[in-house]
Amino acid sequence: MNTITTAQRISTSSDIDASIAATRRVHHLTAVARDAIDDPRSLDGDTLAKAVVKVLYDAHPHIRFEDALELAVIVETPPLDSPTVEAIEYVVADICSHLDEWNRFEPPTLPGQA
């Protein structure tokens, strides 16, 4: 007998689509950052995190200047023992979580739309 308690959540197709979109966004932006940063292996964690913020600000239309300034302060530095690609992905995922929390990935509402 399969029963679902009120504490359990049933995933809807929109939840799954959003999860897939978020994963793709992180992978895409990780590639963008990796390609744009010259010699990322030579950077320490904090410098790498700030470099990723700058690259994503330059590349992504949803990141506002104020967002980039705040992200440069609050973004988490990757673990010290992380390989470079994983370190960049870690920072990108943190940035995306903040931008998602701030609703920066929502399409803009046009006048006359509710």
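Residues numbered from 1 in each chain as written. Predicted model: local features only at pLDDT ≥ 70, side-chain atom pairs only at ≥ 80, totals over all residues. Heavy atoms only, no water.

(A) Inspection of the environment of Tyr57 at higher detail. Within the fold, Tyr57 resides in helix α2 (residues 45-59). Judged by relative accessible area, Tyr57 falls into the partly exposed class, the value being 31%. In sequence terms Tyr57 and Leu69 are 12 residues apart; their C-alpha atoms lie 9.6 Å from each other. The contacts of Tyr57, once residues within four sequence positions are left out, are Ile63, Arg64, Phe65 and Ala68. (Helix = DSSP H or I, 4+ residues; strand = E, 2+ residues; numbered from the N terminus. Buried < 20%, exposed > 50% of the residue type's maximum accessible area, 1.4 Å probe, protein only. Contact = heavy atoms within 4.5 Å.)

(B) Molecular detail of helix α1 (residues 13-36). Its 24 residues give α1 an end-to-end C-alpha distance of 34 Å, which sits within 8% of 34 Å, the value for a rise of 1.5 Å per residue. Turning to α1, its buried residues are Val26, Leu29, Thr30 and Ala33. Of the surrounding secondary structure, the elements contacted by the buried residues of α1 are α2 and α4 (84-101). (Expected span 1.5 Å × (residues − 1).)

(C) Molecular detail of the layout of surface pockets. In this structure, the largest pocket encloses a volume near 180 Å³. Forming the boundary of the largest pocket are Ala18, Ala21, Ala22, Arg25, Val26, Cys96, Asp100, Phe105 and Glu106. For the lining of the largest pocket, the elements supplying multiple residues, two or more each, are α1 and α4. No other element matches α1, which puts five residues into the lining of the largest pocket. (1 Å grid on protein atoms, 1.4 Å probe; cavity = no way out; pocket = protein on both sides within 12 Å on 5 of 7 lines; lining within 4 Å. Points joined across faces, edges and corners; volume = space filled by probe spheres on them.)

Without other data, these values stay purely geometric and don't point to any function.
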